[in-house]
Amino acid sequence: MSARRPALLVPVVVPFLLAVLLFLPATLGGKVLSASDLPRFAAPFLDQPAGAVPQNPLQFDAANVFEPDGLLVRRALREGRLPLWAPALSAGRPLLAAQQSAPLFPLTWLGVVGPFWETLAWIAVLELTLAALGTFLFAQSLGLSRGASLLGALTFGFGTYLIVWLMHPHAHAYVLLPWAFLASERLCRRGRVGDGAWLALVLGLAWLGGQPEAALLVTLAASGWTVSRLVGLERSLALRRGALAVAGLGVGLALSAVMLVPLLEALGVSLSTSRAGAPLPVKAALSVVFPEYWFRPGRPGGMAGPANFTERTLYVGVLPLLLAAGGLAAGGRPRGPKLFFAALAAVALLIAFDTGPVAALAAKLPGLDRINLSRCLALASFAIALLAAYGFEGLCGEASQRRRVLAVAAVLAVLPVLGVFAAHPGWLTVLPDGARRLLGNDTVGGADPIAVAAVLRWTVFAGVGLILLGLMVRGRARGTPAVAVACALVALDLITMGWDYNPAIDKGQAVPATLPPPLVEMRRLVAGGGRVVGIDALEPNTAPRWGLRDVRGHEQPTVRRTATLWSALGGSASVSTEAVSPSSPRTPALLDVFGARAVVLAPGTQSSLGADRTAYSGPDGIVLDHRSALPEAFVAYRWRRSRSLRQSVLLTALGGPGAAQAAPAIETTEAPPAGESRPPTSARILSRSDTVVRVAVRAAAPGRLVLLDTFYPGWTAEVDGRKTTIEAADAAFRAVAVPAGRHEVRFTYRPASVLIGGVLSLLALVTIVGTLVVDRRRARAG
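Summarised in this report is the structure supplied together with it. Note that the structure is a prediction, hence the values are computed from the model and not measured. (Residues numbered from 1 in each chain as written. Predicted model: local features only at pLDDT ≥ 70, side-chain atom pairs only at ≥ 80, totals over all residues. Heavy atoms only, no water.)

Before going further, it helps to spend a moment on the overall build of the protein. The helix and strand inventory of the protein stands at 28 helices and 22 strands. For the protein, the C-alpha radius of gyration of 29 Å lies close to 28 Å, the compact-globule estimate for 782 residues. For the protein, the spread of C-alpha atoms along the three principal axes comes to 100 × 70 × 50 Å. Scored against the burial criterion, the 782 residues of the protein give a buried share of 56%. Taking all contacts inside the protein whose residues are at least 6 apart in sequence as the whole, residues at least 24 apart take part in 73%. When the accessible surface of the protein is summed, it comes to about 30,400 Å², and 63% of that surface belongs to carbon and sulfur atoms. Mean positive and mean negative side-chain charge positions of the protein (72 and 47 charges, respectively) differ by 8 Å. (Helix = DSSP H or I, 4+ residues; strand = E, 2+ residues; numbered from the N terminus. Rg over C-alpha atoms; globule rule 2.2 N^0.38 Å. Buried < 20%, exposed > 50% of the residue type's maximum accessible area, 1.4 Å probe, protein only. Contact = heavy atoms within 4.5 Å. Areas by Shrake-Rupley, 256 points an atom, 1.4 Å probe, with all protein chains shown as cover. Lys, Arg positive; Asp, Glu negative; His and termini not counted. Charge placed at Lys NZ, Arg CZ, Asp CG, Glu CD.)

Read across the sheet, 5 strands follow the order 15-16-22-18-19 without closing on themselves; strand pairing throughout is antiparallel. Edge positions in the sheet fall to strand 15 (684-688) and strand 19 (722-724), since each has one partner strand and no second. Shown here is a sheet whose adjacent strand axes are inclined to one another by a mean of 25 degrees, direction ignored. Examined bridge by bridge, strand 15 and strand 16 (residues 692-699) share 4 bridges and lie antiparallel to one another. Note on strand 16: the bridge partner recorded for Ile685 is Val695. (Pairing = 2+ DSSP bridges. Axes fitted to C-alpha atoms, helices over the stretch in contact; angles between N-to-C directions.)

This part is about the sheet that holds strand 10 (residues 621-625). Taken in spatial order, the 4 strands make up an open sheet running 5-8-10-9, and their pairing is mixed. The open sheet has two edge strands, strand 5 (531-535) and strand 9 (613-618), and neither has a second partner. Across the sheet, the mean angle separating the axes of adjacent strands is 20 degrees when strand polarity is ignored. With 5 bridges joining them, strand 5 and strand 8 (residues 596-601) adopt parallel strand pairing. Bridging across to strand 8, Val533 finds its partner in Val599.

Moving on: helix 24 (residues 517-525). Among the residues making up helix 24, those that are buried are Pro518, Leu519, Glu521, Met522 and Leu525. The arc that holds every buried residue of helix 24, seen down its axis, measures 160 degrees, which confines them to one face. At its buried positions, helix 24 is contacted by strand 5, strand 8, strand 9 and strand 10. (Arc of directions from axis to C-beta.)

On to the nonpolar core. Ranked by internal contacts, the top residues of the largest apolar core, which has 156 residues, are Phe158, Phe181 and Phe341. Counting residues per element, this core draws most heavily on helix 5 (residues 116-141), which supplies 15 residues. Apart from the residues lying within four places of it in its own chain, the contact partners of Phe181 are Phe138, Ala221, Ala222, Trp225, Phe340, Phe341, Leu344 and Phe382. Core analysis: the next-biggest nonpolar cluster, separate from the first, contains 33 residues, Val593, Leu609, Trp639 and Val649 among them. (Core = buried A, V, L, I, M, F, W, Y, C linked by side-chain atoms within 4.5 Å.)

Next up on the list: a nonpolar patch on the surface. A contiguous nonpolar surface patch, about 450 Å² in accessible area, is contributed by Leu21, Leu24, Leu28, Trp122 and Trp499. Locating Leu28 in the fold gives a position in the loop between helix 2 (24-27) and strand 1 (32-33). Its relative accessible area of 61% is what places Leu28 among the exposed residues. (Patch = residues over 30% accessible without salt bridge, like charges linked within 9 Å, V, L, I, M, F, W, Y side chains within 5 Å. Salt bridge = Lys/Arg side-chain N within 4 Å of Asp/Glu carboxyl O.)

Counted according to the given criterion, the structure contains 25 salt bridges. Where Arg81 meets Asp690, a salt bridge forms, and the shortest distance between an N and an O atom there is 2.8 Å. Highlighted residues: Arg81 in the loop between helix 3 (60-78) and strand 2 (85-86) and Asp690 in the loop between strand 15 and strand 16, separated in sequence by 609 residues. Across the pair Asp709 and Arg688 runs a salt bridge whose closest N-O atoms are separated by 2.8 Å. Remark: Arg688 occurs in strand 15 and Asp709 occurs in strand 17 (residues 703-710); sequence separation between them is 21 residues. When its relative accessible area of 4% is taken as the criterion, Asp709 is described as buried. Since its relative accessible area comes to 26%, Arg688 is described here as partly exposed.

Here we take up the pairing of strand 5. Two faces make up the sheet, and in a regular strand the side chains alternate between them. Summarising burial for strand 5: 5 of the 5 residues are buried, a large majority. Going residue by residue along strand 5, you find Arg531, Val533 and Ile535 tucked away on one face and Val532 and Gly534 tucked away on the opposite face as well.

Now for the side chain of Ser184. Among the structural elements, Ser184 can be located in helix 9 (residues 177-190). Residue classification places Ser184 among the buried residues on the basis of a relative accessible area of 1%. With near-sequence residues (within four places) excluded, Ser184 lies in contact with Leu199, Ala222, Trp225 and Thr226.

We now examine the packing of aromatic side chains. Both the distance between ring centres and the angle between the ring planes are used here to describe each pair of aromatic rings. In total, this model carries 28 aromatic pairs according to the counting rule given. Chaining the aromatic ring pairs together yields one cluster made of Phe138, Phe156, Phe181, Trp225, Phe340, Phe341 and Phe382. When the ring centre of Trp639 is taken as origin, the NZ or CZ atom of Arg704, which lies over that ring, is 4.4 Å away. The ring of Trp715 has Arg734 sitting right over it, with the charged end atom 3.8 Å from the ring centre. (Phe/Tyr/Trp six-rings, centres within 6.5 Å; stacked < 30°, edge-to-face > 60°. Lys NZ or Arg CZ within 6 Å of the ring centre and 35° of its normal.)

Within the element layout of this structure, Phe116 appears in helix 5. Under the relative-accessibility criterion, Phe116 is labelled buried at 10%. Put simply, Phe116 and Gly70 are 46 residues apart on the chain and 8.5 Å apart in space, counted from C-alpha to C-alpha. Those residues in contact with Phe116, other than ones at most four positions away along the chain, are Glu67, Gly70, Leu71, Arg74 and Gly111.

Attention now goes to the side chain of Asn64. Mapped onto the elements of the fold, Asn64 is located in helix 3. Excluding its chain neighbours within four sequence positions, the residues that come into contact with Asn64 are Pro39, Glu539, Asn541 and Thr542.

With respect to the secondary-structure elements, Leu762 resides in helix 28 (residues 752-781). Residues Leu762 and Ala97, 665 residues apart in the sequence, show an inter-C-alpha distance of 17 Å.

Turning next to the packing of helix 5 against helix 6 (residues 146-157). Running from N to C, helix 5 and helix 6 cross one another at 145 degrees; their axes reach a closest spacing of 8 Å. Our pair here, helix 5 against helix 6, has a crossing hand that is right-handed. Where helix 5 approaches helix 6, its residues Leu128, Ala131, Ala132, Thr135, Phe136, Ala139 and Gln140 are matched on the opposing element by Arg146, Ser149, Leu150, Gly152, Ala153, Phe156 and Gly157. Residues that form the contact of helix 5 with helix 6 fall into these classes: 8 nonpolar, 5 polar and 1 charged. (Left-handed = near helix turned anticlockwise from the far one by under 90°. Nonpolar A, V, L, I, M, F, W, Y, C, P; charged D, E, K, R; others polar.)

Now for the pairing of strand 18 (residues 715-719). Only one face of strand 18 is buried: it carries Trp715, Ala717 and Val719, and the other face, with Thr716 and Glu718, is open. Pairing geometry for strand 18 and strand 19, over 3 bridges, is antiparallel. Within the sheet, the bridge partner assigned to Glu718 lies in strand 19 and is Lys723. The loop that links strand 18 with its antiparallel partner strand 19 comprises 2 residues; one of these, Asp720, has a positive phi angle of about 55 degrees.

Quick look at unusual backbone geometry now. The amide bond that connects Ala43 to the next residue, Pro44, takes the cis arrangement and shows omega of 10 degrees. Here Pro44 shows up in the loop between strand 1 and helix 3. Note that the residue after Gln556, namely Pro557, is joined by a cis bond; omega there is -5 degrees. Mapping Pro557 onto the fold places it in the loop between strand 5 and helix 25 (560-568). At Ala731, a position not held by glycine, the phi torsion is positive, near 75 degrees. With respect to the element layout, Ala731 can be found in the loop between strand 20 (727-729) and strand 21 (733-738). Taking the relative accessible area as the measure of exposure, Ala731 reaches 0% and is therefore buried.

The following block contains the structure:
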């Protein structure tokens, strides 16, 4: 055990220190690793100095979704409860089922027990360290030397594709990719039950990471590796260990059932959640060698290119790419793993880019037809890192093998440069400008000098790398010094490329000391109840940060009922979010039905809400008092009976806001009351939390209490402590029958899906822990 600890010191300490360096302004410089400067460039803030720009506009999901959701998760977990529901988004949306906040992923808990904003950088540091350490251990399990394993570890751990997704939940699954391969390798070699438990734990954590499609890619890749390793075993061993691997996968999925079962429930009542799209243009593959060819965020022109920088950029460093190609050509043993990683890289690239039949076929396969297959670049990054490790190992082989590595690396180093200048001979005239750009002079204008600088960057690192490889081939650089120089070159290459992509900002930008006047006015308008909406302002999920409830939301999956009604009333709805048209004549009715009492507009926005009173107008936004909005709870004494969601949507859209309140469309078997109709009366919200809403009712006659909260499975209702049925009202909302008189109605979110999933997860966790303990004792006894 004591020998093992020093052996792990370097692969833990080196990536950790490099990650601290990469995020230095946030780890040791007093800033926070956050994209929350982005909302400050839109109403109701607009308080940035003239000429200021966001550090990285491509991190809008982190700023507008993941960080606000992370604060909701933090509050819930600190109060000792699961973050099940987000009442401030849309008319209420499931939060646990949305998964992207990853509340049960262990690294998320750092932001729960510690200061939220300060821990974001350290979560990123630990993720990169985990990715690198897992790659190192896996490479070692394949028999690679410590030097080759460390180079592969740095290549994957600090590869650009992982770094650019660090602020997204995708990264949680990606950092566990090498650990899944390691667990699978041990299972195939030893066949111990404990190895199956480790595989279950890793895969379960990947599925708890908050991005199911990333977890699916990790699972498929690890499964492919398992099959490839079982093929060479004796049949009975292969069958037993294959069965153990399948059991590990099953227990791993069960471990994540507390989130997967609610997700499956959500998918059944949601719009299509397919994220499938066209593969990346083939020319985007140029980013493998020239990642800044079309600029990058944080520098002039950062949004240019065939696809945005985050999606397109697979960059693992110059030296690793040269070694990966050279290692494939060098031969040597064992060829099986190298061929697997070559195939994995090739298949991943063929699927991610628009290569024709392969990409088209993959997009039609069940399961893969609903995900963004460009994310296969994460698998390619890992595969190339392992091939680079094999290539570095080849430099320690026979002389002929070393020469082949060098020859192939030299050809690959020169070809991209020759190809670019052959296609653009005029670029030779802007070499000096490109060199100045490479040295940090960002004042160079035009696209050509920037592209030339990207080519020169490759040339510089390739030249230094070839010199190192030449010295190693000739035997003048060996052992620890050669490893240190190679790893230093890789680290310098990748850290300079990843530097400042993930913004480090002053904490005051994320947590302003005072709220701007528009937010203060909006909070005043809804102090007695009601929701808000932003039009070209106030991103939906950011509203809860300021104590507001937005009629829009940005979570997946989108609830079909609210999204369908939203669209029928003139709004636009996608698989994740809703938006409002400022000029549509239908917008006032849309906001009425969804109970939007306060509206914030960007300065100068022309809207169709001219009848609303202007409560505030200034350079940071305009706030309108939308008094015609329906109250968030009311009692209706007559209704229109509906037999389906489609009929409810039609009735509500045609009837307008007045009918939605006076005679809501109720999906019920009970006929409306006959006789004289009564005008609706208001009800009072006594209290509201994430999972409980208490409403005080004073009904003049038997009627329906309508609450403008989402009709969704798992909600139950009681009238004066007696259970009652919740019916769908006006397609999207909740209604319960109430008798005449004073009553208290209590809505509670107790989803059976979470209970069932929680029991499965608990059983899986007990199984994994118990198996590991027993396996450990048997190993010691043996």
